[in-house]
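Listed here are the chains, written in short residue letters.
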Amino acid sequence: MITKENILAIAKKTILSESEAIAKLTEFLDDDFYLSAQAIYESKGRLVITGIGKSAIIAQKMVATFNSTGTPSLFLHAAEAIHGDLGMIQNEDVIICISKSGNSPEIKALVPLLTRFGNTLIGMTGNITSFLAKGSKHILNTTVDKEACPINLAPTNSTTAQLVMGDALAVCLMEMRDFKPENFAIYHPGGALGKKLLLKVSDMIEHSLKPKVSPDASIKKAIFEISEKRLGVTAVVENETVIGIITDGDIRRMLNERDTFTDLSAKDIMTKNPKIVQSSTMAVDALNILEDFSITQLIVVDNGEYQGVLHLHDILKEGII
């Protein structure tokens, strides 16, 4: 009888089995791994990754990872390669061929074709005596003792090992290329991730209103400015320099404490030395400042000149969080 406890126990056993298979990969990191990374790094061509079955799916994920981290890559399906797709391989390309057994009919047919023009072939396999291993210049060993599958047939541990070995190679290449966040942004311009990496404060305040009052302005004038510009805040500006800020919260606190404010001016209730950012500040960094100080607005100043107000809502609208 299948119970909740049995299901959770099976899931735990699967995860532990795969984690053990991954941990064992560290024993297979040798000169071949180093030489594989070096060959890809020094190549003037692309990295072509091929496989069949589940290995083909892993190959596609690896291609996506390499492309997004600075290593131009292509996926070549092993079955389609011998029907014309071999034409995508250029002379200076490095090739990774993935196969657990390394002896499938498609792989045996493909390996001699992959090396006939002198391309460097890297075999990623769980059988280091296989046809693929013998035909490769370098071997990435992804041997597993068994699959997590209860009948030891469905690729589980083996495909996870392939995926992790590919990630290890990709991360090494990132380090070798000194790949930085700004490089990553080039390949991820869209969506929330792209905005986190590319969006600046200037992109969000370009058409923003610039609420401001002088230090001697009346409280009524400050309230009117806050209400009219609808940003919940006004800067207090003297001689074109921001010297303070008044928020709608400051107004509420003042009204709670006093029966009249006719004798007060903006400088009497403003907060001095407000949090300021430049328009070149990354939006995600501005968001961190807002969160760190539990505030909802930032004054934007460039070279001493007041540029406007960045509101938390501006960032929210961009979908960064």
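Attention in this report is confined to the structure presented alongside it.

Cut-offs applied
Residues numbered from 1 in each chain as written. Predicted model: local features only at pLDDT ≥ 70, side-chain atom pairs only at ≥ 80, totals over all residues. Heavy atoms only, no water. Buried < 20%, exposed > 50% of the residue type's maximum accessible area, 1.4 Å probe, protein only. Helix = DSSP H or I, 4+ residues; strand = E, 2+ residues; numbered from the N terminus. Arc of directions from axis to C-beta. Contact = heavy atoms within 4.5 Å. Patch = residues over 30% accessible without salt bridge, like charges linked within 9 Å, V, L, I, M, F, W, Y side chains within 5 Å. Areas by Shrake-Rupley, 256 points an atom, 1.4 Å probe, with all protein chains shown as cover. Salt bridge = Lys/Arg side-chain N within 4 Å of Asp/Glu carboxyl O. Pairing = 2+ DSSP bridges. Axes fitted to C-alpha atoms, helices over the stretch in contact; angles between N-to-C directions. Parallel < 35°, antiparallel > 145°, perpendicular 65-115°, else oblique. Left-handed = near helix turned anticlockwise from the far one by under 90°. Right-handed = clockwise from strand over helix to strand, strands pointing away.

Here's the deal with helix α11 (residues 219-229)
Phase 1: Those residues of α11 that fall on the buried side of the exposure criterion are Ile 219, Ala 222, Glu 225, Ile 226 and Lys 229. For α11, the angular spread of the buried residues around the axis is 120°, confining them to a single face. Every exposed residue of α11 that faces more than 90 degrees away from the buried side is listed here: Lys 220 and Phe 224.
Phase 2: Looking at the packing, one finds that the buried side of α11 touches β6 (212-213), β7 (233-238), β8 (241-247), α12 (248-257) and α13 (266-269).
Phase 3: Backbone geometry just after α11 places Arg 230 at a positive phi near 55°.

Quick notes on a nonpolar patch on the surface
Phase 1: There is a patch of nonpolar side chains on the surface, built from Ile 2, Ile 7 and Ile 10 and spanning about 310 Å² of accessible area.
Phase 2: Mapping Ile 2 onto the fold places it in the segment before α1 (4-24).

Thoughts on the pattern of salt bridges
Phase 1: A full pass over the atoms with the stated rule returns 10 salt bridges.
Phase 2: The residue Asp 178 makes a salt bridge to Lys 180 at a minimum N-O spacing of 3.2 Å.
Phase 3: Assessed through its relative accessible area of 47%, Asp 178 is described here as partly exposed.
Phase 4: Accessibility expressed as a relative area gives 36% for Lys 180, which makes it partly exposed.

So, the sheet that holds strand β9 (residues 271-272)
Phase 1: An order of β6-β7-β8-β9 is seen for the 4 strands of this open sheet, with the pairing classed as mixed. The sheet is open, and its two edges are formed by β6 and β9, each paired on a single side.
Phase 2: Of the pairings in the sheet, the one linking β8 to β9 comprises 2 bridges and is antiparallel in character. Paired with Ile 245 across the bridge in β9 is Thr 271.

Thoughts on the packing of helix α2 (residues 31-42) against helix α7 (residues 157-176)
Phase 1: At a minimum axis distance of 10 Å, the contact between α2 and α7 shows a crossing angle of 55°. In this view, α2 runs oblique relative to α7, as classed from their interaxial angle. The crossing of α2 and α7 is right-handed. Here α2 contributes Phe 33, Ala 37, Gln 38, Ile 40 and Tyr 41 to the contact with α7, which in turn contributes Met 165, Ala 168, Leu 169, Cys 172, Leu 173 and Met 176.

Some remarks on the sheet that holds strand β11 (residues 297-302)
Phase 1: Strand order in this open sheet of 3 strands is β10-β11-β12, and the pairing throughout is mixed. Strands at the two margins of the open sheet, each flanked by one partner only, are β10 (276-277) and β12 (305-311).
Phase 2: With 2 bridges joining them, β10 and β11 adopt parallel strand pairing. The partner of Ile 276 across the bridge, within β11, is Ile 299.

Quick word on the pairing of strand β5 (residues 138-141)
Phase 1: Of the two faces of β5, the one lined by His 138 and Leu 140 and the one lined by Ile 139 and Asn 141 are each fully buried.
Phase 2: Relative to β5, strand β4 (residues 120-125) runs parallel, the two being bridged by 4 bridges. Counterpart to Ile 122 in the pairing with β5 is His 138.

Regarding the side chain of Thr 142
Phase 1: Mapped onto the secondary structure, Thr 142 falls in the loop between β5 and α7.
Phase 2: Residue Thr 142 is classed as buried on the basis of its relative accessible area, which comes to 3%.
Phase 3: Apart from residues no more than four positions distant in its own chain, Thr 142 is found in contact with Leu 25, Met 124, Thr 125, Gly 126, Ala 161, Gln 162 and Met 165.

Considerations on the pairing of strand β1 (residues 47-51)
Regular strands have side chains that alternate between both faces of the sheet.
Phase 1: With respect to burial, β1 is a largely interior element, 5 of its 5 residues being buried.
Phase 2: Neither face of β1 is left uncovered, since the one carrying Leu 47, Ile 49 and Gly 51 and the one carrying Val 48 and Thr 50 both have all their residues buried.
Phase 3: Pairing between β1 and strand β2 (residues 73-77): 5 bridges, direction parallel. Paired with Val 48 across the bridge in β2 is Leu 74.
Phase 4: Assessed by its sense of winding, the connection that carries the chain from β1 through helix α3 (residues 54-68) to β2 is right-handed.
Phase 5: Relative to strand β3 (residues 94-99), β1 is paired through 5 bridges, and the arrangement is parallel. Residue pairing in the sheet places Ile 49 in a bridge with Ile 96 of β3.

Focus: unusual backbone geometry
Phase 1: The backbone of Glu 240 shows a phi angle near 65°, a positive value even though the residue is not glycine.
Phase 2: A relative accessible area of 57% means that Glu 240 is categorised as exposed.
Phase 3: Positive phi, close to 50°, is recorded for Asn 273, a residue that is not glycine.
Phase 4: Structurally, Asn 273 is set in the loop between β9 and β10.

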